[in-house]
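Residue-level structure breakdown
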Amino acid sequence: MSQTAPPPLKAATTARFVVPNSDLAPRILRHLVTTLLVTTGHGTVADDARVCVSEVITNVHRHTHTSLVYLDVTLHPGRVRVAVWDEAWDRHPAPGRDGVTHEERGRGLLLVQRLCAEWGVTWPSNCEHSRKRVWFVLDEPAGGGGVV
């Protein structure tokens, strides 16, 4: 059987995953995202997405009391946007001060910052919508998007 790249996307397509907030959430979601990206022809960013998803979901698990974790992956031609939602207001994610640390923790968002074209946190603008989102964007290399 030959592996051929799927036809390129002509418009944005979004997939949503929802899992319980447990110690298995990072593993489950990084595998789902990797499979989605490779299957849809975005394999060139699958490794970076895997690292970033793992870091962001781990932060949700460790630092919030939300019961569910939501992950949206929006596929564009040449670009992938990932948004992770939770239901907590208690933390403001920020990368490490200078990136130099000997601790085992505290470098996750610094990795996200270095691997992604863009990243940020979106806070709800009204009290009815109580979810914050941590999002990041991965750009495929010029001529990228093939199956890996």
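Look above for the structure.
The notes below deal with the structure included here. (Residues numbered from 1 in each chain as written. Predicted model: local features only at pLDDT ≥ 70, side-chain atom pairs only at ≥ 80, totals over all residues. Heavy atoms only, no water.)

**Topic: the overall build of the protein**
Across its full length, the protein holds three helices and five strands. When the helices and strands of the protein are read in sequence order from the N terminus, they spell out β-α-α-β-β-α-β-β. Each of the 148 residues in the protein was classed as buried or not, and the buried ones make up 37%. A fraction of 67% describes how many contacts in the protein between residues 6 or more apart in sequence connect residues 24 or more apart. For the protein, the exposed surface amounts to about 8800 Å²; the carbon and sulfur share of it is 52%. (Helix = DSSP H or I, 4+ residues; strand = E, 2+ residues; numbered from the N terminus. Buried < 20%, exposed > 50% of the residue type's maximum accessible area, 1.4 Å probe, protein only. Contact = heavy atoms within 4.5 Å. Areas by Shrake-Rupley, 256 points an atom, 1.4 Å probe, with all protein chains shown as cover.)

**A few points about the nonpolar core**
Ranked by size, the top nonpolar core spans 29 residues in total, and within it Leu-37, Leu-71, Val-73 and Phe-136 carry the most contacts. Looking at this core, the elements with two or more residues in it are strand 1 (13–20), helix 1 (25–39), helix 2 (46–63), strand 2 (68–76), strand 3 (79–86), helix 3 (108–115) and strand 5 (132–139). Apart from residues no more than four positions distant in its own chain, Leu-71 is found in contact with Ala-15, Arg-16, Phe-17, Leu-29, Val-33, Val-53, Ile-57, Val-82, Ala-83 and Val-84. Core analysis: the next-biggest nonpolar cluster, separate from the first, contains five residues, Tyr-70, Trp-85, Trp-135 and Val-137 among them. (Core = buried A, V, L, I, M, F, W, Y, C linked by side-chain atoms within 4.5 Å.)

**Notes on the pattern of salt bridges**
Across all of its chains, the model carries three salt bridges by this definition. Between Arg-79 and Glu-118 there is a salt bridge, with its nearest N and O atoms 3.3 Å apart. Taken together, the positions of Arg-79 in strand 3 and Glu-118 in strand 4 (residues 118–122) put the pair 39 residues apart, joining distant regions of the chain. A salt bridge links Asp-139 to Arg-79, with the shortest nitrogen-to-oxygen separation between them at 2.6 Å. Remark: Arg-79 occurs in strand 3 and Asp-139 occurs in strand 5; sequence separation between them is 60 residues. Here Asp-139 falls in the partly exposed class, since its relative accessible area comes to 36%. (Salt bridge = Lys/Arg side-chain N within 4 Å of Asp/Glu carboxyl O.)

**Re the packing of aromatic side chains**
Using the criterion set out here, one finds one aromatic pair in the structure. Arranged with centres 5.8 Å apart and planes meeting at 40 degrees, the rings of Tyr-70 and Trp-85 form a pair that is tilted. Within this pair, whereas Tyr-70 is found in strand 2, its partner Trp-85 is found in strand 3, the two being separated by 15 residues in sequence. (Phe/Tyr/Trp six-rings, centres within 6.5 Å; stacked < 30°, edge-to-face > 60°.)

**Digging into the state of the cysteines**
A complete count under the given rule lists zero disulfides for this structure. Cysteine Cys-52 shares no disulfide, and the gap to the nearest cysteine sulfur, in Cys-116, comes to 3.6 Å. What makes Cys-116 buried here is its relative accessible area of 10%. (Disulfide = S-S within 2.5 Å.)

**Describing the environment of Thr-39**
Relative to the assigned elements, Thr-39 resides in helix 1. Under the relative-accessibility criterion, Thr-39 is labelled exposed at 54%. A distance of 2.6 Å separates a polar atom in the side chain of Thr-39 from the backbone oxygen of Thr-35. (Polar contact = N/O pair within 3.5 Å; in protein donor to acceptor, adjacent residues only side chain to side chain.)

**What about the pairing of strand 2?**
Along strand 2, seven of the nine residues are buried, which leaves the element largely enclosed by surrounding structure. In this structure, strand 1 lies alongside strand 2, joined through eight bridges in antiparallel fashion. Residue pairing across strands places Val-18 opposite Tyr-70, the latter belonging to strand 2. Of the pairings in the sheet, the one linking strand 2 to strand 3 comprises seven bridges and is antiparallel in character. (Pairing = 2+ DSSP bridges.)

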